[in-house]
Structures are given as structure tokens and as C-alpha cells.
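Here's the letter readout for the chains.
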Amino acid sequence: MTAAVAARRPVWSRPYLLVGILAAWIALWIAFRGQATLPLDGAELTPLHARIGEAADVVDNNRDSNPIFLYFFNYVRLFIDEFVTFVQALISRPSFGRPVPVVGWLGVVGLAAAVALLYGNLRVALLTVAGFVSFGLLGLWEESMDTLALTLAAVLLSLAAGIPLGIWAGLNDRFDRLVTPVLDFMQTMPTFVYLAPLTLVFLIGPASATVATMIYAIPPAIRITSHAIRQVPKETVEAGASLGSTPWQLLAKVRLPLAKRTIVVGVNQTIMAALSMVTIAALIDAPGLGKTVLKALETLDVGTSFNAGLAIVIMAIVLDRVTSAAGRRVEDARRAGRAHRPLRRRIQVGAVLAVAAVLVYLSHVYVWAAEFPGEADVGSFVRKGADAASQWAQTNLFATTNGLKNLITYGLLNPFEAVLTDSPWWLVLAVVTATALVVAGVRVAAVCAVCVALLVALGLWQDSMVTLAATLVATVLVMALGIVIGVWIGRDDRADRVIRPVLDAGQTMPAFVYLVPILGLFGATRFTAIIAAVVYAAPVAIKLVADGIRGVSTAAVEAATAAGSSTWQIISRVQVPMARGAVTLAAGQGLCYVLAMVVVGGLVGAGALGYDVVSGFSQLQLRGKGLAAGLAIVVLGTMLAAITKALQRRGVRKSPVTGV
Amino acid sequence: MTATSPAELPKALTEAEESVTLDVRGLWKVFGPRADRVAGTPLAELSRAELRERTGCVAAVRDVSFAVRRGEVFVVMGLSGSGKSTLVRCLTRLVEPTAGEVLLDGVDIRKAGDKQLRELRRHRFAMVFQHFGLLPHRRVLDNIAYGLEIQGQKKDSRYARAGEMLDLVGLTGYGESYPDQLSGGMQQRVGLARALAVDPEVLFFDEPFSALDPLIRRDMQNEVIRLHHEVGKTMIFITHDLSEALKLGDRILVMRDGEIVQIGTPDEVVGAPADDYVREFVRDVSRSQVLTLRWIMRPPGDGDALDGPELGPDVVIKDAVRTVLHADRPVRVVADGELLGVVSSAEILEVIAD
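Because the structure is predicted, anything quoted here is derived from the model rather than measured.

**Section: the sheet that holds strand β6 (residues 125-128) of chain B**
Residue and element names in this part refer to chain B.
Item 1. In spatial order, the strands read β6-β7-β8-β3-β9-β10; together these six strands make up an open sheet with mixed pairing. Looking along the sheet, the strands with just one partner apiece sit at the ends: β6 and β10 (259-264). Sheet twist, expressed as the mean angle between neighbouring strand axes with direction ignored, is 15 degrees.
Item 2. Of the pairings in the sheet, the one linking strand β7 (residues 202-206) to strand β8 (residues 234-239) comprises five bridges and is parallel in character. Directly across from Phe204, in β8, lies its bridge partner Ile236.

If you want it as C-alpha cells, here you go:
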């Protein structure tokens, strides 16, 4: 009895400690506000930034003499450049002395439809045709094909590396343990961050864009393949082994066929991740739709960015639907026994390929089938419509949007930001370390202290605090949405059926696209970045919470109901506490997503670290500062991830299953 | 001779030594860090819990030795966690044993290299699994032919063999189906046919019927008995179900915490439990169904008339009830013309009332 009480005390006193820390912080903030806040002007550089810039210059100057570059990086760059250029020559760029690509629009539409038909079904094939034709109608055929070419190249390279590595990780525990933290890091790092270092190594051009895309797209390929291999029932593998299969036979005849469906899911995720990143790679001059959006964002041209954003969304939908249909087809084939009518299938495949070949030939030979007819221009209508809608919204919805903006800006964002940016840096260091110590333990506290010290050292203290404030505010909003909507759809099947597809769609969209309509509604402010981050991160959080609520054992809910609990009591005393693990996980994931998007928000007025990174791309003299800002983002991300991971571990330990 | 110990060892056991197929000697399986330091050292004397506390290792199989005769159905019985599934996997090296010998016809399979082990698995033994372990993307016929396929047999010959096996397990006409179109019992028949297709000497069954409904389980048990009569394979059968063990087993090995508690024929296990654990286990077994007259006969007394009906010592009690109760004098238990003892209504009623 006494032991139990003693064990409980720290849990009970933790909230008091946190309140104490907060009170001390505010008291000291009032006493010391404005001191040691380490401000740094936009164009100002610290010696460190200058040194990083010089180091970057050294790399630039020695690119063709240093053996590592000469014999490794430059070959990698050359290979990827050639590969991407080749794919571009096929579908998007005039090539081989021709004024047009090898395959014109009609051929591309035909090929895409054939692939959709053969791997998916008629419905997605029609969707593919409609989607691809709409690229032309929007006046963005070439840009779309650039994006597609870059995406395809990155996906092929990612899968070529990711699937074998995934199989290895699935078979070998040691390799899996080795690769998992690396993948974690690759996925939690905001995409924005590694663009600049990559250009240093691979120059601006297709190679950097492709490698950046691969960094983002390989983790799902490896992870899901590994998971697919691991989920093959142990007994089935044993059955194969017990009959004397060789390791290769086990892989080819047992593991891979049983893992195929899940691996196709991995292919889908890889494609979606690649598309998302290819658009962001516009920041390092990757051609395609992303560049159109980026240029328009920079000039706050809502119409143009909406038009291009629409094309990206359409491409995302088409790619997602086709690969999802392919995954279902694998499953259907398994259930129905596809081998039953091989002849008929062969005739179908032959016919489809023949038609596609004819279309490709036509588009290769005739100009009308090669260049998308320019008369059919829907794009200008879309641009004008979006501009008008944005104007209308900004004037007529001003009361609402501005009210929301002011509420969150003055009620949440400004106080947060004021406390963080006006506190002396040593106070923030103390508060962060103490908080981490209370909620997560000594090791995490040490990590956090080092991270805060690094932020100071990187010379971007205030910008880091502004970004941190925006991230925390957006995360609070994400979790509010996540818990409310998550509990709702976790409890209500009908709501789940309606809302879940919306969330799924939201998750497949490239991050970039979210900025556009929100920019249209709210203009270029910090607030726009925060809302974009909320919109981007909320689906993940909502789904995780909903799944957690659904995962609560029916027996526990029934027992509570039988005891006469009200609905509110069931939610607050049974379901949410039992789903605590899922809620913490949602907070952790939400934080990751929010940080990534808040940084991208630097493009639309959020300023701070994201802006530093962007200006590092565009102005050579700020390159060192941009690189330092990238590092600061990584440090922030590491710190936040360390705390949320520790909370998750605690959540697991305290979960009702193992006993409080 | 008392009623609680067997009158003499069953004959088969004594004359069996040459016909041993599978001989397991001092087998250990220890999971955990540096597992090989346990067997043959003072650590081996520790109990499971102590060992775990001391070394972090779990001994799933502890010093297990037994011999299985050709054509025998040898049942390993124990509750979950007793190590029986690990034991059977050690015998085929699906799980690598930590120490000991597994002799198949005198050759230690632990010494086989990868290639030899594959040959052994391809031709000498086969296994049937609890959850069937079928390949869902293959037709039933292709599942059955899997073992032949990986040996490199031609399509025609392996399909011919698979077709025969399909008929043997009573699934004629289902060759084109896919496993998930079949019921659990039918799926396990496919698993059985797959194992039989390679014509192994020894068949291992890892709780093959635990995942099935009781009625289907009974069908499948009868199926195994039938197949055993028809193909006469040596079978090693893992189960947690006592009645299944009693029904199928020529001999039963009772396991607890990785150790052997008792090895014996069904009537030995029921009639002379080795310890309280086994006694508790067999308490609810209807003894008249399992025990033979050997277990209840008594030496003829002075007043006994020795001209009653005659029965053998291995007649199960329930089959003798009618004869004994109808006779007005004790039934004589006779083997090879020698009078072993007598049984009268009193002994029979005592067992039945139990």
C-alpha cells in the first residue's frame, strides 16, 4: 500500500512542478525581459555564418579537384543528371534534335491510360485520361511533364534502392535496428533543410532535386517493404523451410508473394512522397509545377499559384488512385485466382499495348499529337476565377478571417512569442531543461540543454524562438482539432465514413499546395503559415486519435456503460485515458509535420528560420546564414522529437494494459 | 502386484531397441544472451525462474531424451509454455537446438550442413502446422506440390503426385480452389497432403487441430488414425489436449517447463501418473476408457472359482464390463496360457464409480 502511494507521488506532483516552472519563468521574464535576447537583423551575419559561407565557397572551388568529388559525388551527379535528362527527353523536353519530346501528349496520355488499365481498372484509366488532359487544358502540359519526369526518375531510383534494402531489413534484425534510426531522422527532418547542403554537393540541377526527393521518398519504401516481409506469417515461412526450400526459394516463392500487396502500398507512399518533394525542390530550381507555384507565391499571385496547385493536386490524385487500384488488384487477383484465364488476359494486354503504341507513334510523328493544342486554354479562366475568389474572400469574409486571425495572433501567438523571444536565452535554457527533466528524465534534459545551447551558438536565437513559438501554437491547435474530431469520428461510424476520405486526400497532397488557398484567404502573414501547418498536420493527428479511440477495448466501454456512465464520462474517463498512447503519438507526429510546414511558411510571410533558409538560396552572401538556419531547424526538430518520444515511452509504460 | 502399477512393461517397449527411428538425447534449447553456457554446467541445475533471474536466459527445452520407434505415433503433451512447440522445431532444426543430439536412423541431424539439412527436410521428414501455413496465392494443388516443386520435379509428375495426395486426404475436386475458399478442416487436410506428398519417413504435427472446431477436430483425429493405418508413417504429434493425446498416442511424453515429466503409454499415464502434476491432469479422464484389465486384476484368492471366462490383460476395461458383470464368477486374465490374475464385479464397479 505504502509502496503504491510512494510510486504514485511523482506522477501526482508533476503538474505542480510544471506550474511552478511556468510561474518562475513568467516572474523572471518580467524581471529580465528584453535582456540577453540575442537579436540579429535580417542581413546581419555572425562570424560563424561568415565562416560557414567561406566553407561553402571552399567546396565550390575544389569541386573538380577534391578526390571525393572527382571520383564519387561528381559521378553520382552525372549519372542522375543523365538519367533525369533521359526521362525528360522522352516526355517533357525537346530532344534529339527535335522541336518536341520523343513522346507527345497523345502518346503520354495513351501510355498512362494503358498502365492504369493494366495495373488498375477501367475507372482509374478514365480518371488518368481526364487528369492528364486537364494538365494540357490548364496550360501546364510541359510543367506537368517536367514534374512527372522528375517524380518518375526519383521513384525508380528510390524503389531500386529501397526495396532491396527493405527486404534486407525485413530479414535481418541487426540491419533493421541499424537502419531504423537513420530512417527516423530522414523522415523527421523538415524537407526544407537538406536542400541547401545538397546543392553544395551536387550543384543546382536535376541531381540535387532527385537526391533530395530520394531522401524523402526512400524511407517509406524501405520501411514498408521491411514491414511487409516481417508480417508474412511465421508458420508459412516455417512450412516452406520445413520442406527444404533454399533461402532464395523462400524469398521468391513464399515471402515476396505474401508481401506483395503491402509492398505495393509502399510504392504508393514512395510515389506520393516523391511528388510532394519534387514540388518543394523548386526551391533549388527543379523544373515543373512546383516552380510555377513558387514563383507565383513569391509575387503573391494567387491565381497563377492556384492554377498550378490545382495541377499538382490532380497529379497527386491520379497517381494515388492508380497505385491504390494496383494494390487492390493484387489482392483481388490473389482471391479470385488470376491464373484461371491466362489466354484472355494475354489478349487484353496485347490489345491495350497495341493501342498505346499507335498513340505513341502518332505523337512521335505528327505535331498535332505532340504539342498540346494551345487554343483550349482553361488555365486563364482558372487563374482569373481564383484571383476573383481570393479578392472576394479577402473583402467579404474579412470580418471572419480577420477575427480568427486576430484571436489566434493576439490570444495565442503573440503571448507565446513575446515570452520566448523577450526572455534572456539563459532563462529559456533553464526552463526547457527543467521542463524536460520533469516530464522526460535526465537524458532527455541533457539533450535539450545541448540543443538550446546549439541554437545560441548558431547565432539565430531570436529567429529560432519565433519559429518555436509558431510551431507550438500550431501544435496546440492541431491537438485541439485532433482530439475533438478524433474522438468524434472514433465514436461515430457514419462521421468516420464521411471524414476519413477527406483526411486521406489531405494526406496525399503535396505540402506546398496547402499554402495557396490559405494565402488567398489570409494574405501573407505569420498566421498563414500557422494555418497551413495546422491544415497539413491535423489529418495525421485526427487519424491517430481516432484509431486510438477505436482501439479501446469494447469490453471496457461496455463495462463503463453498464455501470451507468454518461457519454461524457465514457469519453473523459475511459476512452481518452485508455487512448493516451495514441494521443501522445498524435502530438509527436503533429509536431513533426507542423515544424516542417511552419518552416515552409517562410515563403509566405512567416519569416524566421524558414525565411533565412530561403534567402540563403537566393542571395549568395546569405548562404552561410541559410545553412546555419537549416542546422537550427534540425536542432529544433531533434529537441522536440526527443521530448515527444520520451512522452510516448512514458505513455506506453503507463498505458492501462500494463497497469498504471 | 498392486492395482496402481503396471503388472509388467508392455512387450513392445522391450523389443523395440533396434527399430528406433528418431533418438533424441540430452536436448536443450535456451533462449537469451550467451545461451550456450547453460547446458552441461551448474547453471543447468537451476529452475526455470532462477535461471532467468540469474542469466536472463529462458530454457525452453531442458535435457530432453526419448526414442521414437518406426511406425509409432508419439505424442508430446503439455500446456502452453511447456516448450513442446520449441521441442518439435528443434527436431527439424527450424529452431536450432543449443545442446544435445537428434539422431535420425543413427545420424545426428545437428551435424548436417545447410545442404544436407535441406535434403533431410526434402525427403526424410515433413511437418504439419497449427495455422496450416498454406500459401494463399497458390491453388490447393500447387500448395500440395510445393515440396516437390522446390526439389525441382517436373510439372507433370508433381501434379500427378499432388493429385493422389488430394484423393488420399479426401479433397478430390478441390485442386483448383484457393486455400481461403476452404474451411479450416479442409485447409488442414491440404497441409497434411502437402506433408505426405514428399513421402517422408517421419511426420511432425505441431498442434495441428487446435485451431479447429471440436467436431471437425474429431473428424481430423480419425483422419490421422486412418492415414496412419494406410501409410504407416512414424508420427510425432504435439498437443495440449489430453483426450487427443490418449486417443492418438501409442506413447505420450508429458512436458512441463521444458522438462519431461513422464513418458508412457496412455494407460500408464492415466493409471500411474508420475507426479501430482500429471495426476491433476488426468483426474477427469474416464479411467475405464483408458485402463486395461492389467491395471485392476488381483491375484486369485482362495475362494475364487478359476473356471470363469478368459480375457487378455490388454483388454480395455470398458470392453470387459459386460463379460465381467454377466459372469457369475471372476474373469480370468490370461496371457500366453499363463494366469496373471482375476477380475470380478467389485474391481470393475470401483473403476466405473471413480
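**Section: the sheet that holds strand β12 (residues 331-335) of chain B**
Item 1. On the basis of which strands lie adjacent, the open sheet formed by three strands has the order β11-β12-β13 (chain B) and mixed pairing. Of all strands in the sheet, those bounded by a partner on one side alone are β11 (310-311) and β13 (338-343) of chain B.

**So, the pairing of strand β9 (residues 251-256) of chain B**
All names here are of chain B.
Item 1. The buried fraction of β9 is high, at five of six residues.
Item 2. In this structure, strand β3 (residues 73-77) lies alongside β9, joined through four bridges in parallel fashion. Bridge pairing links Val76 to Leu253 in β9.
Item 3. Where β9 and β10 come together, five bridges link them in antiparallel fashion. Bridge pairing in β10 links Arg256 to Glu259.
Item 4. Counting the residues between successive antiparallel strands, the hairpin from β9 to β10 contains two residues, one of them, Asp257, with a positive phi of roughly 50 degrees.

**A few points about the pattern of salt bridges**
For side chains bearing opposite charge, pairing can occur when the charged atoms are close.
Item 1. Enumeration over the complete set of coordinates arrives at 44 salt bridges over all chains.
Item 2. Taking the shortest distance from any N to any O, the salt bridge between B:Glu176 and B:Arg139 comes out at 2.7 Å. With B:Glu176 in the loop between α7 (155-168) and α8 (184-197) and B:Arg139 in the loop between β6 and α5 (140-144), this pair connects stretches of sequence that are 37 residues apart.
Item 3. Judged by its relative accessible area of 43%, B:Glu176 falls in the partly exposed class.
Item 4. Looking at B:Arg139, the relative accessible area reads 15%, which means it is buried.
Item 5. Of the charged contacts, one joins B:Arg279 and B:Asp276 as a salt bridge, the two residues approaching to 2.6 Å between their closest N and O atoms. Linking B:Arg279 with B:Asp276, this pair stays in helix α12 (residues 276-282), spanning three residues, or about one helical turn.
Item 6. One network of salt bridges, with partners in common, ties together A:Asp493, A:Asp496, A:Arg500, A:Asp547 and A:Arg550.

**Focus: the domain arrangement of chain A**
Residue and element names in this part refer to chain A.
Item 1. Taken as a whole, chain A is organised into domain 1 (74-375) and domain 2 (398-422 + 461-654).
Item 2. When each unit is reduced to the centre of its C-alpha atoms, the spacing between domain 1 and domain 2 is 28 Å.
Item 3. In this assembly, 33 residues from domain 1 lie in contact with 29 residues from domain 2.
Item 4. Taking both sides of the interface into account, the surface hidden between domain 1 and domain 2 amounts to around 2600 Å²; carbon and sulfur atoms contribute 86%.

**Observations regarding the interface of chain B and chain A**
Item 1. In this complex, chain B contributes 28 residues to the contact, which on the side of chain A involves 24 residues.
Item 2. Between chain B and chain A lies a buried interface of about 2300 Å² when both sides are counted; carbon and sulfur atoms form 55% of it.
Item 3. A per-residue breakdown of the area chain B buries against chain A is headed by B:His137, B:Tyr146 and B:Tyr178, which together make up 24% of the total.
Item 4. Taken together, chain B and chain A are joined by two salt bridges.
Item 5. A salt bridge links A:Lys253 to B:Glu149; the nearest nitrogen and oxygen atoms lie 2.4 Å apart.
Item 6. Here chain B is connected to chain A by 10 residue pairs in polar contact (both at pLDDT 80 or more).
Item 7. Elements with a minimum of two residues in the side of chain B that touches chain A: α4 (114-123), β6 and α6 (146-150) of chain B.
Item 8. Tallying contributions element by element places α6(B) first for the side of chain B that touches chain A, with four residues.

**Re the packing of aromatic side chains**
Given two aromatic rings, one states the distance between the centres and the angle between the planes to describe the pair.
Item 1. Tallied over the entire structure, the rule returns 11 aromatic pairs over all chains.
Item 2. Arranged with centres 5.7 Å apart and planes meeting at 75 degrees, the rings of B:Phe125 and B:Phe204 form a pair that is edge-to-face. Of this pair, B:Phe125 sits in strand β6 while B:Phe204 sits in strand β7, and the two are 79 residues apart along the sequence.
Item 3. When its relative accessible area of 2% is taken as the criterion, B:Phe125 is described as buried.
Item 4. Put simply, the rings of A:Phe72, A:Phe73 and A:Phe202 pair up and form one aromatic cluster.
Item 5. Geometry around B:Phe31 places B:Lys29 over its ring, the cationic atom sitting 4.9 Å from the centre.
Item 6. Seen from the ring of B:Tyr159, B:Arg158 lies directly overhead, with NZ or CZ sitting 5.6 Å from the centre.

What counts and how
For every chain, the first residue of the written sequence is number 1, and numbering continues from 1 along that sequence. Chain A is the first chain written and ligand 1 is the first ligand written, with later ones labelled in order. Totals for whole chains, interfaces and linings use all residues, but because this is a predicted model, local features are given only for residues with pLDDT of at least 70 and pairs of side-chain atoms are given and counted only at 80 or more. Side-chain figures throughout are based on the complete set of non-hydrogen atoms in the structure, without hydrogens or water. One bridge is not enough; two strands pair if DSSP finds at least two bridges between them. Under the DSSP-based scheme used, a helix requires at least four consecutive residues in state H or I and a strand at least two consecutive residues in state E, with every element numbered from the N terminus. Every axis in this analysis is a line fitted to C-alpha atoms, fitted for helices over the stretch in contact. Angles between the N-to-C directions lie between 0 and 180 degrees. Classification of residues uses two cut-offs on accessible area relative to the type maximum, computed with a 1.4 Å probe and protein chains only: under 20% is buried, over 50% is exposed, and between them is partly exposed. Think of a salt bridge as a Lys or Arg side-chain nitrogen and an Asp or Glu carboxyl oxygen that are within 4 Å of each other. Those domain boundaries reflect an automatic or database domain assignment. Only heavy atoms matter for contacts: two residues are in contact if any of them lie within 4.5 Å across the pair. When two components associate, each loses some accessible surface as probed by a 1.4 Å sphere; the sum of these losses over both components is called the buried area. In protein, a polar contact requires one atom able to donate a hydrogen and another able to accept it; more generally it is a pair of N or O atoms within 3.5 Å, and residues adjacent in sequence count only if both atoms are side-chain atoms. Put simply, two rings from Phe, Tyr or Trp (the six-membered ring, in Trp's case) pair if the centres are within 6.5 Å, and we call them stacked under 30 degrees between planes, edge-to-face over 60, tilted for the rest. Here, a charge over a ring means that NZ of Lys or CZ of Arg falls within 6 Å of the ring centre while also lying within 35 degrees of the ring normal.

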